[in-house]
Amino acid sequence: MATTQPTPLPTAPMPTIRTSAPGKLFLLGEYAVLEGAPALLTAVDRRVEVTIDPSPTGSWQVSAPNLGIRALGLGTDGALPAGLSDRQQAHLRVFDEVRVAVQTAARQARELQQTDPRVRPETSTPPLAITIDSSALSRGGHKLGLGSSAAAAAALTDALAQALGLTLDRNDLFHLAHAAHRSAQNGAGSGGDVAASVHGGLIRYAPGTAAVPLRWPEELRISAVVTGEGALTTRLVGRVADYAAVNPAQHRADLDRLTRLAEAAEAALADPADFLRLASDYFDALSALDNHARAGIVSLRHRELHALAEREGGVFKTSGAGGGDVGLAFSYAGEPTERLAGALARAGAAIVPLGLFAAGLQGGTAS
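Anyway, here's the lowdown on the structure attached to this text. Computed from a predicted model, the values in this text were never measured in an experiment.

If you tally the helices and strands in the protein chain, you get eleven helices and 14 strands. The C-alpha atoms of the protein chain give 23 Å as radius of gyration, which agrees with the globular expectation for 367 residues (21 Å, within 12%). Expressed along its principal axes, the backbone C-alpha trace of the protein chain runs to roughly 95 × 45 × 35 Å. Residues counted as buried form 50% of the 367 residues belonging to the protein chain. Restricting to contacts in the protein chain with at least 6 residues of sequence separation, those with at least 24 account for 73%.

Here it is, written out as structure tokens:
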């Protein structure tokens, strides 16, 4: 007697997944954080947005319109195809490292325990169409130094994990995104930028430790100031590493000075005057490091803006890797901030309208 096979239940189509992660600003602790010192970072309200849909073509594809990449066909499981230009490979390095990291994590979870509660029962994923938009973190086609690649790593890690059925808490997501981002940068980077993108707000971050949320003093204001056309972080960090190899004793002395200042930053938040002095001292210490390393961290323009801010009762310093990226102007709230803004405008320095202490990773599925 023939048996009747049950009719398979229809599989619901994969919903659209949308995630976003904020850019960041290093307020204090750059370069010292690479030696394990703590850094202060804030998330900003410029975000990288990632969208994932089932692919309409039946094969994986990726788009990054502001980088000139549109519906690029990919290989099996999203592998980069042969024949890409050097420019395309550079633009897609973070994408590829994140893809491999998330796929590996999902596969390992299934292999460890088929009933792992973090993983959906399905073991196959339809080909995906992935769009990454980092245009908000640029100005006039130039990156502002707001950590667009780190924000992309965070948002893409979250989106791909959802697409592959892998549930990650914030700490696991940070570690996965940081490892992928660091690999894309050939082992460079402290992870502070990824931590700011994942957690948001104002954080204290040191490598190997959990990010600590902090509060910014209400009496102080921060202005982001355009100082050039952007700098390649890995190049500047590489020059400092070259300096360390040539003159290790002087390099150690420079980094020890920065570390002592960075370690005082959290306590200095309790007294705005202390923080302003500390920020000025940190700029001086970075300038000394740059004079010895000849890296290009602190430019003549930076020194001019530092002197200008000092005359107006504020402090200007570089942020992050330095070079041509956005700099920071610290000032007391109210009239001092308005006076400094006017002086900066007269000097031809453009202030970028940024909201600070922005939310971290956001997003989920949408029908």
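This part takes up helix H11 (residues 335-346). If you check H11, its first and last C-alpha atoms are 17 Å apart, about what twelve residues at 1.5 Å a residue would give, namely 16 Å. Within the sequence span of H11, burial applies to Thr337, Leu340, Ala343 and Leu344. The arc enclosing the buried residues of H11, seen along the axis, measures out at 125°, which places them on a common side. The exposed set on the far side of H11, more than 90 degrees from its buried face, consists of Glu338, Ala345 and Arg346. Buried residues along H11 sit against strand S10 (220-225), helix H10 (300-311), strand S12 (327-332) and strand S13 (351-352).

Counting buried positions over the six residues of S12 gives five, a clear majority of the element. Taken together, the four bridges between strand S11 (residues 315-318) and S12 define a ladder with antiparallel strand orientation. By the bridge assignment for S12, Val315 is matched with Phe330.

What follows deals with the sheet that holds S13. Strand pairing in a sheet relies on backbone hydrogen bonds, with the paired strands running either antiparallel or parallel. The four strands lie next to each other as S11-S12-S10-S13, forming an open sheet whose pairing is antiparallel. The strands lining the two open edges of the sheet, one partner per strand, are S11 and S13. In this sheet, S12 lies alongside S10 in antiparallel orientation, the contact comprising six bridges. Directly across from Arg221, in S12, lies its bridge partner Ser331. Against the sheet, H10 engages S10 and S11, with an angle of about 160° to S11. Contacts from H11 reach S10, S12 and S13 within the one sheet, and its direction differs from that of S12 by about 145°.

Moving on to the pattern of salt bridges. Taken as a whole and assessed by the stated rule, the structure comprises nine salt bridges. Between Lys317 and Glu30 there is a salt bridge, with the nearest N and O atoms lying 2.9 Å from each other. Taken together, the residues Lys317 in strand S11 and Glu30 in the loop between strand S1 (16-28) and strand S2 (39-54) connect sequence positions 287 residues apart. As far as the burial class goes, Lys317 and Glu30 line up, both buried.

Burial runs high along helix H5 (residues 192-199): seven of the eight residues are buried. Of the residues flanking the end of H5, it is Gly200, one or two places downstream, whose phi is positive at about 75°.

Attention shifts here to the nonpolar core. Judged by nonpolar contacts, the single largest core of 104 residues is most densely connected at Ile52, Ile130 and Phe275. Looking at which element gives the most residues to this core, the answer is helix H3 (residues 148-163), with eleven residues.

Now for the packing of aromatic side chains. For the structure on display, the rule yields five aromatic pairs. Both rings, one in Phe275 and one in Phe330, keep their centres 5.4 Å apart while their planes meet at 75°; by these two values the pair is edge-to-face. Highlighted residues: Phe275 in helix H9 (residues 272-293) and Phe330 in strand S12, separated in sequence by 55 residues. One aromatic cluster is present, formed by Trp216, Phe275, Phe330 and Phe357 through successive ring pairs.

The subject of this paragraph is unusual backbone geometry. Look at Ala71: it is not a glycine, yet its phi comes out positive at around 50°. Within the fold, Ala71 resides in strand S4 (residues 69-73). Even without being a glycine, Arg294 presents a positive backbone phi close to 55°.

Conventions and cut-offs
- Residues numbered from 1 in each chain as written.
- Predicted model: local features only at pLDDT ≥ 70, side-chain atom pairs only at ≥ 80, totals over all residues.
- Heavy atoms only, no water.
- Helix = DSSP H or I, 4+ residues; strand = E, 2+ residues; numbered from the N terminus.
- Rg over C-alpha atoms; globule rule 2.2 N^0.38 Å.
- Buried < 20%, exposed > 50% of the residue type's maximum accessible area, 1.4 Å probe, protein only.
- Contact = heavy atoms within 4.5 Å.
- Expected span 1.5 Å × (residues − 1).
- Arc of directions from axis to C-beta.
- Pairing = 2+ DSSP bridges.
- Axes fitted to C-alpha atoms, helices over the stretch in contact; angles between N-to-C directions.
- Salt bridge = Lys/Arg side-chain N within 4 Å of Asp/Glu carboxyl O.
- Core = buried A, V, L, I, M, F, W, Y, C linked by side-chain atoms within 4.5 Å.
- Phe/Tyr/Trp six-rings, centres within 6.5 Å; stacked < 30°, edge-to-face > 60°.

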